[in-house]
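Notes for the structure review
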Amino acid sequence: MDPARISGQSFLFVRGSQSLGTVPEVIAERGGRCTELTVYANGKAPMDHAPKIKAWLQDGALDCLSFISPSTAKHFFEAMGSTEIPAGTRIAAIGTTTAAALRRLGLPVDIQPEVYDAPHLAEAIITRLAQSISD
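What comes next concerns the included structure. Counting starts from 1 at the beginning of each chain's written sequence and moves along it residue by residue. This being a predicted model, a pLDDT of at least 70 is required before a residue's local features are given, and a value of 80 or more before pairs of side-chain atoms are given or counted; all residues contribute to the totals for chains, interfaces and linings. To get the side-chain values, take all heavy atoms of the structure and skip hydrogens and water.

1. Here we look at the pattern of salt bridges
For this analysis, a salt bridge means a side-chain nitrogen from Lys or Arg found within 4 Å of a carboxyl oxygen belonging to Asp or Glu. Scanning all chains against the criterion turns up two salt bridges. Note that E36 is salt-bridged to R15, the shortest N-O span being 2.7 Å. Of this pair, E36 sits in strand 2 (residues 33-40) while R15 sits in strand 1 (residues 10-16), placing them 21 residues apart in sequence. The rule is simple: take the accessible area with a 1.4 Å probe, protein chains only, and divide by the maximum for that residue type; under 20% is buried, over 50% is exposed, in between is partly exposed. Looking at E36, the relative accessible area reads 39%, which means it is partly exposed. Under the DSSP-based scheme used, a helix requires at least four consecutive residues in state H or I and a strand at least two consecutive residues in state E, with every element numbered from the N terminus.

2. Some thoughts on a nonpolar patch on the surface
Residues enter patches when their relative accessible area tops 30% and they take part in no salt bridge; the joining distance is 9 Å for like charges and 5 Å for the nonpolar side chains Val, Leu, Ile, Met, Phe, Trp and Tyr. Each accessible area value is a Shrake-Rupley result obtained with a 1.4 Å probe; residue values ignore everything except the protein chains displayed when judging cover. On the surface, L12, V14, L37, V39 and Y40 cluster together to form a nonpolar patch covering roughly 480 Å² of accessible area. At the level of elements, strand 1 and strand 2 are the ones that each hand at least two residues to the nonpolar patch. When residues in the nonpolar patch are grouped by element, the largest group, three residues, is from strand 2. Within the secondary structure, V39 sits in strand 2.

3. Considering the packing of helix 2 (residues 50-59) against helix 3 (residues 70-80)
Inter-axis angles, ranging from 0 to 180 degrees, are taken between N-to-C directions of lines fitted to C-alpha atoms, where helices are fitted over the stretch in contact. Contact geometry of helix 2 with helix 3 gives a least axis separation of 9 Å together with a crossing angle of 90 degrees. As judged from the angle between their axes, helix 2 and helix 3 are roughly perpendicular. Taking contact as the criterion, the partners of A50, I53, K54 and L57 in helix 2 are, on helix 3, F76, A79 and M80. Amino acids outside the nonpolar list (Ala, Val, Leu, Ile, Met, Phe, Trp, Tyr, Cys, Pro) and the charged list (Asp, Glu, Lys, Arg) are all regarded as polar, and Gly is one of them. Residues belonging to the contact of helix 2 with helix 3 are distributed by class as follows: six nonpolar, no polar and one charged. Angles below 35 degrees are treated as roughly parallel, those above 145 as roughly antiparallel, those between 65 and 115 as roughly perpendicular, and all remaining angles as oblique. Any two residues having at least one pair of non-hydrogen atoms within 4.5 Å are treated as being in contact.

4. Brief notes about the pairing of strand 2
By the convention used here, strands pair only if DSSP detects at least 2 bridges between them. Note that strand 1 and strand 2 share seven bridges and pair parallel. If you follow F11 over to strand 2, its bridge partner there is C34. Orient the strands so they point away from the viewer; a crossover is then right-handed if the path from the first strand over the helix to the second runs clockwise. Between strand 1 and its parallel partner strand 2, the chain crosses via helix 1 (residues 22-29), and the hand of that crossover is right-handed.

5. Description of the nonpolar core
Of all hydrophobic cores here, the largest spans 15 residues; its most connected members are L57, L65, F67, F76, F77, M80 and L102. Elements supplying a minimum of two residues to this core: helix 2, strand 3 (64-67), helix 3, strand 4 (90-93) and helix 4 (96-104). Among the elements that take part in this core, helix 3 stands out by supplying four residues, more than any other. Those residues in contact with L57 that lie beyond four places of it in its chain are L62, L65, F76, M80, I85 and P86. The nonpolar core is taken to be a set of buried Ala, Val, Leu, Ile, Met, Phe, Trp, Tyr and Cys residues, with the residues joined through side-chain atoms within 4.5 Å. One finds A92, I94, L121 and A124 within the second-largest nonpolar core, a separate group that totals seven residues.

6. Notes on the packing of aromatic side chains
Think of it this way: a Phe, Tyr or Trp ring, Trp meaning its six-membered ring, pairs with another when their centres are within 6.5 Å, and the plane angle makes it stacked under 30 degrees, edge-to-face over 60, tilted otherwise. For the structure shown, the criterion picks out three aromatic pairs. Measuring from ring centre to ring centre gives 5.0 Å for F76 and F77, while their planes differ by 85 degrees; the resulting arrangement is edge-to-face. Overall, F76 belongs to the buried group, its relative accessible area being 14%. Given a relative accessible area of 4%, F77 falls into the buried group. Within the aromatic cluster, the residues linked to one another by ring pairs are F67, F76 and F77.

Below you can see the structure in the form of structure tokens.
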């Protein structure tokens, strides 16, 4: 069987409520069957620390903001009441979808790993911040 074809194969896609549905679409395009199971709902978390975080941002005390999903970016900036960040504060996105969400908010994406997972995001942040120190 052609490895690009998965005709007749069945899959279960475990997802969050805001999944883009890309995985099931690709599986269907390649002839597979995919059942989606939503196991958690994305939503706003209590932002009890919002005033402290706003003060850190205003004071330029944060070198980097990192986001691991489009919803984290959306909810964070809603809680902050603004998308303004001080010059010198870097913005990191775990992957292309999160980066696109940040750009839709009018924000630059300074850091994005080549491999879209948490360990590579952490390494990309470390590398970029280390470069800033040496400059």
